[in-house]
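So you can see what is in the structure, the chains are spelled out below.
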Amino acid sequence: MTAIPLWVRRPAGERVGWLRTVDHKAIGVLYIGMGVAFFAVGGLEALLLRAQLATPEAGLVDPETFNQAFTVHGVTMILLAVVPLLVGFANYMVPLMIGAPDVAFPRLNALSFWLSLVGGVVLYFSFLAGGAPDTGWFSYAPLSERAFAPGTGVDYYILGLAVNGAGTIIGAINLSVTILLMRCPGMAISRVPLFVWMTLVTSVLILGAYPALTAALVMLLVDRQLSGHFFDPAGGGQAVLWQHLFWFFGHPEVYIMVLPAMGMISEVIPVFSRKPIFGYGFVAGSSVAIAFLSFGVWAHHMFAVGLGDTENAIFSATSMLIAIPTGVKIFNWIATMIGGRLRMTTAMLFAVGFIAMFVIGGLSGVSLAVVPIDLAVTDSYYVVAHLHYVLFGGTMLGIFAGAYYWFPKMTGRLLSERLGRWHFWLTFAGFNLTFLPQHWLGAVGMPRRVFTYAASTGWGPLNLISTIGAAILAIAMVVFFVNLVRSLRSGEIAGDDPWDAFTLEWSTTSPPPPENFATIPAVTGRRPLWDRKHPEARDKS
Amino acid sequence: MRPPADAIGTLALIVGVIASLIFIGVEAALVYAIWRYRASRNLAGQPATFERNRRLEIAWTAAPALILAAVFVLTLGTMAEINGAGVAPAMRIAATGHQWWWEFGYGGTKTANELHVPVNTPIDLDLTSVDVIHSFWVPELGPKMDMLPGTTNHLRVLARRAGSYEGQCAEFCGVEHAWMRIRVVAQSQAEFDSWLAAQAVPAVTQGGDGERVFFLSNICVNCHTVRGTAAAGTAGPDLTHVASRATIGAGVLPNDVARMRAWLADPQRYKPGSLMPRVPLSDADLDALAAYLGALK
Amino acid sequence: MTVDRTLLGVAIFIASESVFFLAIVLAYVAYRDAGLATAKANLDIGRTAIFSIALFASSGTMALAARARSGTWLGATMALGAIFLVGQGSEYARLLGEGIGPGSALFGTTFFTLTGLHGIHVLAGLVALAALFTANLGRPRAVRAVAWEAVSFYWHFVDAVWVVVFSVVYLGTLL
Ligand code: HEA
Ligand code: HEA
Ligand code: CUA
Ligand SMILES: [Cu+2]
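Basis of the calculations
For every chain, the first residue of its written sequence is number 1, and the numbers climb from 1 along that sequence. Whichever chain is written first becomes A and whichever ligand is written first becomes 1, with later ones labelled in order. In keeping with the model being predicted, local features are shown solely for residues with a pLDDT of at least 70 and side-chain atom pairs are shown and tallied solely at 80 or more, while totals for entire chains, interfaces and linings include all residues. Values reported for side chains reflect all heavy atoms of the structure, with hydrogen atoms and water molecules removed beforehand. Axes here mean lines fitted to C-alpha atoms, for a helix over just the part in contact, with angles spanning 0 to 180 degrees between N-to-C directions. Each helix is a run of H or I in the DSSP string that is no shorter than four residues. Each strand is a run of E no shorter than two, and both are numbered from the N terminus. Angle categories are assigned with fixed cut-offs, so that under 35 degrees is roughly parallel, over 145 is roughly antiparallel, 65 to 115 is roughly perpendicular, and the rest are oblique. With the far helix as reference, a near helix turned anticlockwise by less than a right angle produces a left-handed crossing, and one turned clockwise produces a right-handed crossing. Only Asp, Glu, Lys and Arg are considered charged, only Ala, Val, Leu, Ile, Met, Phe, Trp, Tyr, Cys and Pro nonpolar, and every remaining residue, Gly among them, polar. Nine residue types can take part in a nonpolar core, namely buried Ala, Val, Leu, Ile, Met, Phe, Trp, Tyr and Cys, and a core is a set of them joined through side-chain atoms within 4.5 Å. The cut-offs for exposure are 20% and 50% of the maximum accessible area for each residue type, with area from a 1.4 Å probe on protein chains only; residues under the lower value are buried, those over the upper are exposed, and the others partly exposed. Contact definition: two residues touch when any of their heavy atoms are within 4.5 Å. In this scheme, strands are said to pair when DSSP sees at least two bridges between them. Because water is not among the atoms used, a metal site may look incomplete, as its donors are only the N, O and S atoms within 2.8 Å, or 3.2 Å for Na, K and Ca. A four-donor site is classed as tetrahedral when every donor-metal-donor angle falls between 85 and 135 degrees; four donors are called square planar, and six octahedral, when trans pairs exceed 155 degrees and all remaining angles lie between 65 and 115, with any other arrangement labelled irregular. What counts as a ring pair is set by centres within 6.5 Å for rings of Phe, Tyr and Trp (its six-membered ring), and what kind of pair is set by the plane angle: stacked under 30 degrees, edge-to-face over 60, tilted for all other angles. Note: buried area is the sum, over both parts, of the accessible area (probe 1.4 Å) each one loses when the two are combined. Basic side-chain nitrogens of Lys or Arg form a salt bridge, by our definition, when they fall within 4 Å of a carboxyl oxygen of Asp or Glu. The definition of a polar contact used here is a pair of N or O atoms within 3.5 Å, where within protein one atom must be able to donate a hydrogen and the other to accept one, and adjacent residues in sequence count solely through side-chain atom pairs. Helix span, as expected, comes to 1.5 Å for every residue beyond the first. Nearness of a residue to a molecule or strand requires only that one of the residue's heavy atoms be within 4 Å of it.

1. Things to note about the packing of helix α5 (residues 194-225) of chain A against helix α6 (residues 239-273) of chain A
Residue and element names in this part refer to chain A. Axis separation between α5 and α6 bottoms out at 8 Å; the angle between their running directions is 160°. Judged by the angle between their axes, α5 and α6 are roughly antiparallel. Read as a crossing pair, α5 and α6 show a hand that is left-handed. Partitioned by chemical class, the residues of the contact of α5 with α6 number 27 nonpolar, four polar and two charged.

2. Examining the nonpolar core
If you look at the biggest cluster of nonpolar residues, it comprises 244 residues, and the most contacted ones within it are A:Trp242, A:Phe354, A:Tyr405, A:Trp406 and C:Phe111. No other element matches the 21 residues that α6(A) contributes to this core. In contact with C:Phe111, not counting residues within four places along its chain, are C:Tyr28, C:Leu43, C:Glu91, C:Tyr92, C:Leu95, C:Gly116, C:Val169 and C:Tyr170. In terms of nonpolar packing, the next biggest core, distinct from the first, is built from 71 residues, A:Val61, A:Val450, B:Tyr106 and B:Val157 among them.

3. Regarding the sheet that holds strand β2 (residues 101-106) of chain B
Residues and elements named next belong to chain B. Ordered in space as β3-β2-β1-β5-β8, the five strands form an open sheet in which the pairing is mixed. Every interior strand has two partners, whereas the edge strands, β3 (109-112) and β8 (153-157), have only one. Strand-to-strand twist in this sheet, taken as the mean axis angle between neighbours without regard to direction, amounts to 25°. Where strand β1 (residues 91-98) lies against β2, five bridges are found, and the strand directions are antiparallel. Of the residues in β2, the one forming a bridge with Ala-95 is Phe-104.

4. Quick notes on the arrangement of the chains
Where two pairs of chains are in contact, the pair with the most contacts is made of chains A and B. At the C-alpha level, the nearest point of chain B lies 14 Å from chain C, with no contact between them.

5. Describing the coordination of the iron atom of ligand 2
Residues and elements named next belong to chain A. Protein coordination at the iron atom of ligand 2 comes from His-73 (NE2) and His-388 (NE2), with a distance range of 2.0 Å. Of note is the iron atom of ligand 2, whose six donor atoms meet at the metal with angles of 87 to 178° in an arrangement that counts as octahedral. Of this pair, His-73 sits in helix α2 (residues 63-97) while His-388 sits in helix α11 (residues 381-411); the two residues are 315 residues apart in sequence, bridging distant segments of the chain. For the residue pair His-73 and His-388, the accessibility class agrees, reading buried in each case.

6. Here we look at the packing of aromatic side chains
The geometry of an aromatic ring pair comes down to the distance between the two centres and the angle between the two planes. Residues and elements named next belong to chain A. Applying the stated criterion across every chain, the model contains 66 aromatic pairs over all chains. A ring pair is formed by Tyr-31 and Phe-113, whose centres lie 5.2 Å apart and whose planes are at 80°; its orientation type is edge-to-face. Note that Tyr-31 is positioned in helix α1 (residues 24-53) and Phe-113 in helix α3 (residues 106-128), a separation of 82 residues in sequence. Here Tyr-31 matches Phe-113 in class, with each residue buried. With centroids separated by 5.5 Å and ring planes inclined at 15°, the aromatic side chains of Phe-392 and Phe-431 adopt a geometry described as stacked.

7. A short note on the coordination of the iron atom of ligand 1
Residues and elements named next belong to chain A. Protein coordination of the iron atom of ligand 1 is limited to a single donor, His-386 (NE2), positioned at 2.2 Å. The distance between the iron atom of ligand 1 and the copper ion (ligand 4) comes to 4.6 Å. Relative to the elements of secondary structure, His-386 occurs in helix α11.

8. Let's talk about the interface of chain A and chain C
Taken residue by residue, the interface counts 30 residues in chain A and 24 residues in chain C. Regarding the contact of chain A and chain C, the summed buried area is about 2000 Å², with carbon and sulfur atoms giving 80% of it. For chain A, the biggest contributors to the area lost against chain C are A:Leu181, A:His229 and A:Phe230; these three give 25% of the whole. Our count for the chain A to chain C interface comes out at zero salt bridges. Only α4 (153-181), α5 and α6 of chain A provide two or more residues apiece to the side of chain A that touches chain C. Ranked by residue count, the leading element in the side of chain A that touches chain C is α5(A), at 10 residues. Across the side of chain A that touches chain C, the residue classes break down as 19 nonpolar, 10 polar and one charged.

9. Thoughts on the interface of chain B and chain A
With 71 residues of chain B at the contact, the number on the chain A side is 86 residues. Summing the contributions of chain B and of chain A, the shared interface buries around 6200 Å²; its carbon and sulfur component is 73%. The largest contributions to the chain B side of the interface with chain A come from B:Glu51, B:Trp60 and B:Phe172, which together make up 11% of the buried area. Scanning the region where chain B abuts chain A turns up 12 residue pairs in polar contact (both at pLDDT 80 or more). Among the elements that make up the side of chain B that touches chain A, the one with the highest residue count is helix α1 (residues 4-37) of chain B (15 residues). In terms of residue class, the side of chain B that touches chain A is made up of 45 nonpolar, 15 polar and 11 charged.

10. Description of the pairing of strand β10 (residues 181-187) of chain B
Residue and element names in this part refer to chain B. A large share of β10 lies buried, amounting to six of its seven residues. Strand direction decides the pairing type here: strand β9 (residues 163-168) and β10, joined by six bridges, are antiparallel. Each bridged residue has a counterpart across the sheet, and for Tyr-165 the counterpart in β10 is Val-184.

11. Side note on the pattern of salt bridges
Under the counting rule described, the total for this entry stands at 24 salt bridges over all chains. Across the pair B:Asp6 and B:Arg160 runs a salt bridge, and its minimum N-O distance is 2.6 Å. Placement of B:Asp6 in helix α1 and of B:Arg160 in the loop between β8 and β9 is noted, with a sequence separation of 154 residues between them. Between C:Arg47 and C:Asp44 there is a salt bridge whose closest N-O contact spans 3.7 Å. Residue C:Arg47 is classed as partly exposed on the basis of its relative accessible area, which comes to 34%.

12. Here we look at the side chain of A:Ser203
Mapped onto the fold, A:Ser203 is located in helix α5. In this structure A:Ser203 touches A:Ala172, A:Leu175 and A:Ser176, once residues within four positions along its chain are discounted.

13. Remarks on the side chain of A:His24
Turning to its location among the elements, A:His24 is positioned in helix α1. By relative accessible area, A:His24 is classed as buried at 0%.

14. Focus on the pairing of strand β5 (residues 123-129) of chain B
Residue and element names in this part refer to chain B. The element β5 is largely enclosed, with a buried count of six among its seven residues. Taken together, the five bridges between β5 and β8 define a ladder with antiparallel strand orientation. Bridge pairing in β8 places Ile-123 opposite Val-157.

15. Quick look at helix α1 (residues 5-30) of chain C
With 26 residues, α1(C) extends 38 Å from end C-alpha to end C-alpha; this agrees with the ideal 38 Å at 1.5 Å per step. Where α1(C) begins, one side-chain oxygen reaches toward the backbone nitrogen of C:Thr6, 2.7 Å away; that side chain belongs to C:Asp4.

16. As for the site of ligand 2
Residues and elements named next belong to chain A. Around ligand 2 sit 35 residues in total, of which Arg-50, His-73, Trp-137, His-388 and Arg-449 are the nearest. Contact distances for ligand 2 include 3.4 Å between an oxygen atom and a side-chain N or O atom of Gln-438. Arg-449 is positioned with one of its backbone polar atoms (N or O) 2.7 Å from an oxygen atom of ligand 2. Contributions of two or more residues to the shell around ligand 2 are made by α1, α2, α11, α12 (417-443) and α13 (460-490). Per-class residue counts for the shell around ligand 2 are 25 nonpolar, seven polar and three charged.

17. Regarding the sheet that holds β9(B)
Residue and element names in this part refer to chain B. In spatial order, the strands read β4-β10-β9; together these three strands make up an open sheet with mixed pairing. Strand pairing shows two members of the sheet lacking a second neighbour, β4 (114-118) and β9, which therefore form its edges. Across the sheet, the axes of successive neighbouring strands diverge by a mean angle of 25°, strand direction being ignored. Across five bridges, β4 lies against β10 in parallel orientation. Each bridged residue has a counterpart across the sheet, and for Leu-115 the counterpart in β10 is Val-184. The strands that helix α3 (residues 189-200) touches are β4 and β10; relative to β4, the one it contacts most, it runs at about 135°.

Encoded structure:
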């Protein structure tokens, strides 16, 4: 009757505890559990922010607490919630989708997870050790130097991010080797499901981006602990160097957070449209273009730094270019739906919600790439609105789509569709209520990262609306948690293939056996399971 | 020249219209697809099987590319314009960020938190910082620009209407970032000139009780300058004409003698974390001090 | 063609390590001018070149070791690697003695960070070599060929990084 078993089975049949498991599915579940837990924590921190900002000159929290809250909220959501959730689904699903018994390096896989988690724990330990970091999630120097941040918060930030990042890097090595070398017979790289494609591209992004962050963290550590001068203007160093290194990581990071979610909806939309994905090659290829470009746009976070018009113009152009491959994806998803027979399940609702909301965030992103507009609204709530439209409206909705889609595979039970609809519509309403008004707040002059604002600014009413939206969003998340827990215990039994789906993970039992497949499958097309079910209408590619 | 804010406004309008059209187009296509092809409507029909169309792909790659090329050209034009487009500034003002207040320098004359400019005059601000990164932002004046320690950035401003403008530091700079507000006062050239002349005059030494407290145990004078007296500290704002400013503490309190007294009694209460410490003073000393500072017009 | 998993994994790992070193090297180069005078006055190119030759030679002995799966050559590699570290240690001691440390000025900060991180990688490589060495002493046949290749792959990488570091830091002072 317990919903969550206390042990995991090994292929040989014996049981091992969660602490010692090296099974990719169990590790996937661990990652997802970590992500969900930190998402709740990060969400509660966000609620604290919103509560304080609901009215002008409120005194709910002191400025230090507020500054810690948004710093830790940003780091938590990005590195401890979203990335683990995406990596978790990849861990669970990629081997199943390519017909492999496990990942390439199962033991290393466990190490990745534990490093990621320990990184998070180290970061949160700072609260007990005298104060969390309070310098913002990108911790600009020299504010993060010892002279201005004498506490230990930033040191925990450095350590936590470095350890977490090491885990993520090792995980990316593992996933890329798995995808490159462990596909089942017949699964050419041009036939892998798009989620697998995007996981591969994401892994490459991780491998190129995270080491730059590690390098920056090491330099900051040298500055703080060995009195170095990397980012210390008084000692000849340059504050901007930190920004270059951080955003060389930070920008690819945002695509690391969106590509796998795009992969998820690229699985969901065809299945619930009853059609193959439209323009497979273009959806896959555009990811490569995005990955390539994303290493050349970082300074769009630094337009107001004073790099000079030439630099700004170049980075503006590259940033705009990214809109093109992203648009290709959007159009192909819609073209997939056209002519289909759409089953508007909760998973499909979230996938469609992703497209609808992500476009808003994408378009505001393009407006930020326009240098003069950015100079007007950078570091304001307009940016906060942009980032939540892409990260919540995009990534999180994509993750929810993936969750409703794959939960039955992972647990053997369906999530409740009735609660799912409540979850979707409350999220949709709460989300837009929270973040739409922030565009205006930013445009009329409300900077981000302020613990309060004067009543005379007139920002009160829109902030109140935003806070009400956040409360609705919180209710939506509670509905989701209730759905998870209830369905885990007593959800409808799913069967192997509840959605009449296309890809290999649905050809095995739900949940899959320790060895994944009784015999390693062989495939002849992009929709192996469809081919098996409809031999008369096999895919040609 | 056109005020930078207007140039940006025009550009934002154009980009906004383009974005709205794209937004409407994409959402409409999405809604149409859901409405037209939902299973309950399409009961008997089999789903189509088309899965690629090269021409369509080229079209929806090329169309955004063309739109963006146009936006980029406009961007370049506006970038040049807001930098001054070759028009030389009529004057330069030094603006320096401090944790959590502003210093403005007109030649040798220093003042704090309140920037006075002549109206309708192109001005370049020379921006720098003495500690962490700040960012100068007065939304109605247009773009913002970061202030970095060790470097000087320039920002062209042009105030079109007389009156006051509100702004604030836009780069997170530590605990009191929220209360690092700016007031810009744009005045006619004549008013501005007389304001500047008044600011340049050293304070008239009153020699009263307040001044004695101000110099007491070298506390206040350690951090503050009052030109015309021996006080020459630089850690805090220049107080030579502090009473001429509209607010205390970069916007936390309106400036009058009562509020001044309250601020001096405990700055940390109004601006917790501020680098001005609470100096324990008797009630009588506080009264005298507030009166003294209140007279520094 | 079948690619070995482990080797591919190591190759990818090395690629991401390269990004890491690239960032640090770029920081060094960005601050090169500020520290050039100190570097010219204090770095001992001659001595370091000799120790560098030890490291470069160790790549050769490593290749021989991997080809023949020879414990002797492996031992030689470890010895050469250790000599390099000793050399680096003595260079550090001398500089610290002259008052140049990571906190003294930009040159110290960048120099110690870059060479120190490389040194840590050499140390990690030595640990890997030692592990291989012991495994090979015990049951040579049980050691998979790919273990030899993987370790030598990594060792060559560490060596190659030093080529860059030595050129940028030491030879750079001659320009
Ligand atoms: C998932 C995460 C994600 C994604 C996908 C994006 C996508 C984009 N972002 Fe965003 N961004 C963030 C996360 C993300 N961003 C975060 C977290 C920050 C803030 C960091 C911080 O400061 O804390 C940020 C900040 C940020 C800035 C800096 C703002 C500032 O601080 O001043 C800029 C500036 O150029 C920018 C641009 C863009 C662009 C051009 C895209 C493009 O990729 C968008 C492309 C998509 C579309 C355009 C929509 C679909 C396309 C079409 C329908 C085709 C037709 C379209 C056109 C012709 C325009 N982003
Ligand atoms: C993926 C990333 C992500 C996500 C999902 C979110 C989600 C949310 N964010 Fe966040 N946000 C960031 C990334 C993200 N954010 C980043 C990077 C920053 C910048 C930080 C910086 O400036 O340094 C930021 C900053 C930021 C700010 C600006 C702070 C400032 O500048 O001062 C605000 C303010 O409104 C905000 C609000 C919210 C809200 C209301 C949500 C909501 O969507 C949250 C919804 C979730 C919940 C409400 C949780 C519900 C849980 C429960 C109710 C608990 C139940 C518990 C159990 C069952 C155990 N965020
Ligand atoms: Cu100064 Cu924010
Ligand atoms: Cu970016």
